Every structure is written in C-alpha cells, then in structure tokens.
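Next come the chains, spelled out residue by residue.
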Amino acid sequence: MRLEFIDQAKLFIDKTNMRYGKRAPDVSDIIATVRKRGVIQPLIVKPANELGLSGIVAGARRWTAHCLAAAEGFDHGPLACAILEDGDDADAIEASLIENIARLDPDEVNQWETFTRLVKEGRDPGDIAQTFGLPDLAVKRILALGNLMPRVRSLFQAGKIDRATVRHLTLASKSQQRAWLALLDDEKAYCPTGHNLKAWLFGGQSIPVKHALFGCEGVPGIVTDLFGEEAYFSDADAFWVLQHTEIEAKRVAFLEAGWPDVVIVPAGEHFQIWEYEKAAKRKGGRVYIDVRGNGEVIVHEGYVTRKEARRIEKGETIEPDAKATRPEVTSTLGTYIDLHRHAAARAEMINHPGLALRLMVAHAVVGSPLWTVRPEPQSAKTDAVRESIELAAGETLFDHARLKVLRLLGRSKDEPMVAGGNSDPRELARTFLRLVALCDEDVMAVIAVVMGETLMAGSAAVDAVGSEMALDMTRYWLADDAFFDLLRDREVLAGMVGEVAGTLVAEANVKEKGKTLKAIVRAHLHGEGGRAKVEGWVPRWMAFPPRPYTNRGGVGSVAAHALVEAARGLEGDPAPETPGAALAPAEPEDEGEAVPIAA
C-alpha cells in the first residue's frame, strides 16, 4: 500500500465495501471528534479510476462524518488514504470486513452477505476462517445464512422472522424457500416457524442420519444442519426403503443365531418394557426390534410377556409357535435376485403399455413405499361453504362416478375415497389384478375418478384441464346464499350488476350499498320484481378461462390461468381449437390400426 491525501469529492463508497448500497451509516459516535480534529485514521481505497475517483473499501463511516462536518463549515482538508494494489476485489472485501468488525459491529446480515461475496471472489472457506480467527463451522454457518434467498435475509434483518426460523431455512432448498415465502404471504395459510419449520421441511418426519442402519456414503438427499450439528434425510420414503431392508437382515441374523422368535414392533407401537420381563433364549425369550417413527431402531434381546413369565416361574417352558428355519438365501443374495427380476420386469413392461398403465393406476389408488398420493381434502372454512360444495351438481355427479369405480375395484361403497391407500403390498397386487381384468373403458373411468380425487383445488392444473375441456361452469354452478354472503367488494358487485342488468342500471346504482347491489343481482338471476330472468351467468373468476373484475389482483383462479398461459407460451404451441384435440392420436402413416391400451 502507499499513502496519499485525497479530496473528499474524489472519493466514493466502492461496491466491495460492506456498506455499499445501504442507507447512510450512523456516525453519531464519531461526528464530534471529526468536527474538532478531522479524520485521523487513514481510509483504505482502490486506485483512482478513469474519472480520477477512488472507491472507499474501508472507512465509509469516517468519510461520511467528514462530509457532514465539511458541510457544517469544519474543513480539515484532504483525507489520508491507504491505496490498495490494483485489481484484487477479494482483498478489498476482506479489508472492509476486517476494518468494520474491528471498529464497530456491522449489521449481522451484512456480515453474511460479505462472507458470501468473499467466496464468490475465490476465497476458500478455510482461508476465511484463518483470516478472521473463526472456527471452520462458524464460517460454514455464516455462508449458509448468506446463501439464503434475499427476501428471507431481509425479513430477518427487519425483525419479521426469528433466529430459529432463519437457521432452519438454511436446510431448505431454493424451491422450499419459495414455497415457505408463499405460505408467509397467504393470510389464510399456516406458515411454520421456529422448530415446527424443520418438521415441515422434511414432510413431517425429520429423520437423523445417525439412526440409519445402512451406510450413508453416496446416498442422495442428506441435508446437514450446521446449527444443530446433525444431518437429516430429506426423502423419508427413500430412507425407509433402505432401513426396512436392514431391519429384515437383522431379523434373519437373530433367527440364524438361534433365537426362537424375532418380533418387529412397527412405528407407533412402542415396545413398553414394563409389559415384559427378561427370559433366556433357552426358555423362549424373544428378540423385539422396536422401530421408532424418527428412524431409530432399538433391539431388546431376551424378553417375554408378563403372563408368559408367570408360566416360566411355575416351571413351564415357553415354546414358540413354530421354530424358525434358516432362510434359503442370504439377504445379499435376496437383493441380487430382486434387482435382476426388477430390471427384467421393467424392460419387458415397455412392450406392454396397457399393463404399465394399470400398474400405475394401482399405485395411485393404494400407494407404495415409493408412491405417496393424497386426495384433495376439499377443506372449507365455514359450514355454509361446505354445504354449498356438498350440494353442488359437480360433486353429486362425481360421487356417482366414484361409486361405480368402487364397484369395479371390488371395494365397499361406504369407502369415502378410491385413492389414498395405506401402501399395503397385498392390496396393491389385488388392485392391479382387478384392473387387468377390466376393459379399457372401465380402466379410464377409474383413472378419471382417481385423478379427480387427487387434483389440487386452486392449482394451475385445474385451469389447464378445464381449458382443454372447454368446461362450461353453467352446467355445474348456480349462485346460492353462501356465494352472496361471501361477496364484500362494492366494485366487484357493480361489475356483476352490469353483467346481469346492463350498463345503465350499473351506472345508476354505482353509489349504492353492497346490500342493494346484491339484491339487484339476485332479482335478475331469479327473474323477480318484473325483471327478465338471466340464465347461464357465472362470475368472471369461476369461468374457464377466468377474468378479474378489477386491476387489484388477488384472485387465485386468474393467477393460476396466467401460469397456464405462460406455460403454453413456453411450449410455443397454441391451444387446440377443438376441446381434447391435443389428445387425439395422429393420423397413422400406413393402414395399420392404432395401438390400444389393453393389457
């Protein structure tokens, strides 16, 4: 470095400075000294640019105080500046951070962002730790916080989210952060914070890596909590597939070791040790493998029930129901067999798309360790809304279709849903075989109902499929009391009056109360008071495609339609003129018939 004296007008805050782009720094603690004696400690600056201006890397507060004092008439002349070597932004950022940390604690979020900028400039986290005298873990934590989405950092900086929440968000992917921010913005939605956030991120199950019975090296989907010093599986279903394989291997190993019985206690049915007593292997003691919901597996060797223990005290011998025999194959050979059969089955299934379709439908209906399909809950906030949906024509028609599908699948008509099974492998096989026996038309009927049950309300998918079908809402909806009770906006009501009664009536009543506007709409829809009855009217938001009444936004259906239109634009393919045309098979090039989906 070299020392020069530079006029304040030829200095500016460089982008490498921690305080670049922020509000003017607080100089109340140094302004009095600067007025009296000027700036004594040199600023750290970059070499002058082509305009003769030098960027301040460290010392923005001193320069700001000097400028304020000069404006008040306290002129102490040029400022002493130490000039860095040309072209090293990493050194500049580092100098700014060191100087600010040493003099005055900077804003915490600024620290996160500055450490992140150092890494982007090529600094290794280990070098950063050594430079600032921080443990490696502390630097990793700061970098994780600095890599959060800008809005998350801003919310913490403004005190709108707490420290526990922002730390747990470092476990979230960018898409999860965006989903969480959407929940935060939705006044009607529950947005998890603090320790509840971790459960939300991992789908209700935060499974620590330490509970895995299998080797985790190379296993995808492991997220490390830098603040809790713990790692978790982000995909609980994938974890349980591997974990159950190891649990079964343990069971087999205990049987091979001579234990008369091995009982696997599933998650939710804890092994309550006070209900059992110790017993030797030769006296019928069992091994209980207790599987916990968080992935932990606890093995209890040599136990019998209390009732059985009393019998042992009387000299009786507890005999197992049947002596377990050694398996024909080892667990490793079993895996070998399973993987080869799996590879062959999926390769051959390419030639049998009809069977593949039926198997996919069976998975959607029953579920499996690799498939999680949840029905749309159709949650309503009030009884009036719930009753309106239950009585809707669309709901009645769908219920009839559901009953038909339940009969086709050989299930009870009292079951509320077709989809959303419990992943029972036997039920999965039974449903698949049932579908194999059905004709294509019946299989398609099952698909329609399963898709209807699992179609998310308010999603872009509803708008996309409704637009493709050219869905006419007048066939399924009529204005009811629940609808009118929920209307609040006078501008919207005025627009509705214009639709059912005409522009002149709407203009004449534009200043009337909402109650009056509702009465006008009702009268025209019902043909009351001498008014002509209006048929086939639906609010703009409910139609396909939907439209708003104002420019204020906030209409979910309109926002969903915008997503569909954006997707259509990305595909570069205009909507088909005829509903369902996009699904029509292309004309065959020869005289052969189209391939059916039949099994």
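Residues numbered from 1 in each chain as written. Predicted model: local features only at pLDDT ≥ 70, side-chain atom pairs only at ≥ 80, totals over all residues. Heavy atoms only, no water.

Peer 1: Give me unusual backbone geometry: which residues, what numbers.
Peer 2: In this model, Phe544 is joined to Pro545 through a cis peptide bond whose omega is 0 degrees. Considering the arrangement of structural elements, one finds Pro545 in the loop between helix H23 (514-526) and helix H24 (556-571). For Ser423, which is not glycine, the phi dihedral falls at a positive 65 degrees. Checked against the element boundaries, Ser423 lands in the loop between helix H16 (393-408) and helix H17 (425-436). Unlike most non-glycine residues, Ala470 shows phi in positive territory, near 50 degrees. Its place among the elements puts Ala470 in the loop between helix H19 (460-468) and helix H20 (481-486). (Helix = DSSP H or I, 4+ residues; strand = E, 2+ residues; numbered from the N terminus.)

Peer 1: Could you give an account of the packing of helix H14 (residues 353-366) against helix H18 (residues 440-453), naming the residues involved and the relevant values?
Peer 2: Between H14 and H18, the shortest axis-to-axis distance is 11 Å and the interhelical angle comes to 35 degrees. Here the hand of the crossing between H14 and H18 comes out left-handed. On the side of H14, the interface is formed by Leu357, Arg358, Val361, Ala364 and Val365, while H18 contributes Asp440, Val443, Val446, Ile447 and Val450. Of the residues in the contact of H14 with H18, the class split is 8 nonpolar, no polar and 2 charged. (Axes fitted to C-alpha atoms, helices over the stretch in contact; angles between N-to-C directions. Left-handed = near helix turned anticlockwise from the far one by under 90°. Contact = heavy atoms within 4.5 Å. Nonpolar A, V, L, I, M, F, W, Y, C, P; charged D, E, K, R; others polar.)

Peer 1: Go over helix H21 (residues 490-501), please, and point to the residues and values.
Peer 2: Here H21 contains 12 residues, and its C-alpha end-to-end distance of 16 Å stays within 8% of the 16 Å for a straight helix at 1.5 Å per residue. Among the residues of H21, those classed as buried are Val492, Leu493, Ala494, Met496, Val497, Val500 and Ala501. Of the residues that open H21, the one with a side-chain oxygen 2.9 Å from the backbone nitrogen of Glu491 is Asp489. After H21 finishes, the residue Gly502 shows a positive phi value of roughly 105 degrees. (Expected span 1.5 Å × (residues − 1). Buried < 20%, exposed > 50% of the residue type's maximum accessible area, 1.4 Å probe, protein only. Polar contact = N/O pair within 3.5 Å; in protein donor to acceptor, adjacent residues only side chain to side chain.)

Peer 1: Can you break down the nonpolar core residue by residue, with the values?
Peer 2: For soluble globular proteins, the rule of thumb is that nonpolar side chains tend to be buried together. If you look at the biggest cluster of nonpolar residues, it comprises 20 residues, and the most contacted ones within it are Val365, Leu409, Val418, Leu435, Val446 and Val450. Those elements that place two or more of their residues in this core are H14, H16, H17 and H18. The biggest single contributor to this core is H14, with 6 residues. If we ignore the near neighbours within four places in the chain, the residues touching Val450 are Ala364, Val365, Val418 and Ala419. (Core = buried A, V, L, I, M, F, W, Y, C linked by side-chain atoms within 4.5 Å.)

Peer 1: An account of the sheet that holds strand E12 (residues 297-305) is requested, with residue identities and associated values reported.
Peer 2: Read from one edge of the open sheet, 4 strands run E9-E11-E12-E10, paired in mixed fashion. Each having just a single partner strand, strand E9 (262-265) and strand E10 (276-278) make up the two edges of the open sheet. Each adjacent strand pair in this sheet contributes to an overall mean axis angle of 45 degrees, direction not counted. Where E9 meets strand E11 (residues 286-291), 4 bridges bridge the pair, whose relative direction is parallel. Within the sheet, the bridge partner assigned to Val262 lies in E11 and is Val287. On top of the sheet, helix H12 (residues 306-313) reaches E10, E11 and E12; it is set at about 45 degrees to E12, its chief contact. (Pairing = 2+ DSSP bridges.)

Peer 1: Kindly report on the environment of Met451, identifying the contributing residues and their values.
Peer 2: Along the chain, Met451 turns up in helix H18. Judged by relative accessible area, Met451 falls into the partly exposed class, the value being 45%. Considered as a pair, Met451 and Glu376 are 75 residues apart in the sequence and their alpha carbons are 9.9 Å apart.

Peer 1: Kindly report on the packing of aromatic side chains, identifying the contributing residues and their values.
Peer 2: Inspection of every chain in the model, using the stated rule, returns 11 aromatic pairs. On the numbers, 4.4 Å between centres and 20 degrees between planes, the contact of Phe271 with Tyr276 is stacked. Taken together, a centroid distance of 5.4 Å and an interplanar angle of 75 degrees make the contact between Trp541 and Tyr549 edge-to-face. Of the aromatic side chains, those joined through ring pairs into one cluster are Phe271, Tyr276, Tyr288 and Tyr303. (Phe/Tyr/Trp six-rings, centres within 6.5 Å; stacked < 30°, edge-to-face > 60°.)

Peer 1: Before we move on, could you go through the pairing of E11 and cite the residues and values that matter?
Peer 2: Where burial is concerned, most of E11 is hidden: 6 out of the 6 residues are buried. Across the two faces of E11 the burial is the same, with Arg286, Tyr288 and Asp290 and Val287, Ile289 and Val291 all buried. The sheet contact formed by E11 and E12 spans 6 bridges and is antiparallel. Bridging from a neighbouring strand, Val287 pairs with Glu301 of E12. Linking two consecutive strands that pair antiparallel, namely E11 and E12, is a turn of 5 residues; a positive phi of about 95 degrees is found at Gly295 within it.

Peer 1: Could you give me a rundown of H12, with the residues and numbers involved?
Peer 2: Along H12, the positions that sit buried rather than exposed are Glu308, Ala309 and Ile312. Angularly, the buried residues of H12 cover 105 degrees about the axis, an arc narrow enough to put them on a single face. Exposed residues lying more than 90 degrees from the buried face of H12 are Lys307 and Glu313. Next to the buried residues of H12 lie E10, E11 and E12. (Arc of directions from axis to C-beta.)

Peer 1: Give a detailed account of the pairing of strand E5 (residues 79-83), specifying residues and quantitative values.
Peer 2: The element E5 is extensively covered by neighbouring structure, given that 5 of its 5 residues are classed as buried. Side chains of E5 alternate between two faces, with Leu79, Cys81 and Ile83 and Ala80 and Ala82 buried alike. In terms of strand pairing, strand E1 (residues 2-6) meets E5 through 5 bridges, oriented antiparallel. The residue of E5 that forms the bridge with Phe5 is Ala80.

Peer 1: Account for the sheet that holds E5, with residues named and values stated.
Peer 2: Backbone hydrogen bonds hold the strands of a sheet together, and the pairing may be parallel or antiparallel. With mixed pairing, the 5 strands of this open sheet are ordered in space as E1-E5-E3-E4-E2. Each of the sheet's edge strands pairs with one partner strand only, and the pair in question is E1 and strand E2 (11-13). Strand-to-strand twist in this sheet, taken as the mean axis angle between neighbours without regard to direction, amounts to 45 degrees.

Peer 1: Can you lay out a nonpolar patch on the surface for me, pointing to particular residues and giving the numbers?
Peer 2: Together, Val241, Met360, Leu370 and Trp371 line one region of the surface with nonpolar side chains, adding up to about 380 Å² of accessible area. With respect to the secondary-structure elements, Met360 resides in helix H14. Judged by its relative accessible area of 46%, Met360 falls in the partly exposed class. (Patch = residues over 30% accessible without salt bridge, like charges linked within 9 Å, V, L, I, M, F, W, Y side chains within 5 Å. Areas by Shrake-Rupley, 256 points an atom, 1.4 Å probe, with all protein chains shown as cover. Salt bridge = Lys/Arg side-chain N within 4 Å of Asp/Glu carboxyl O.)

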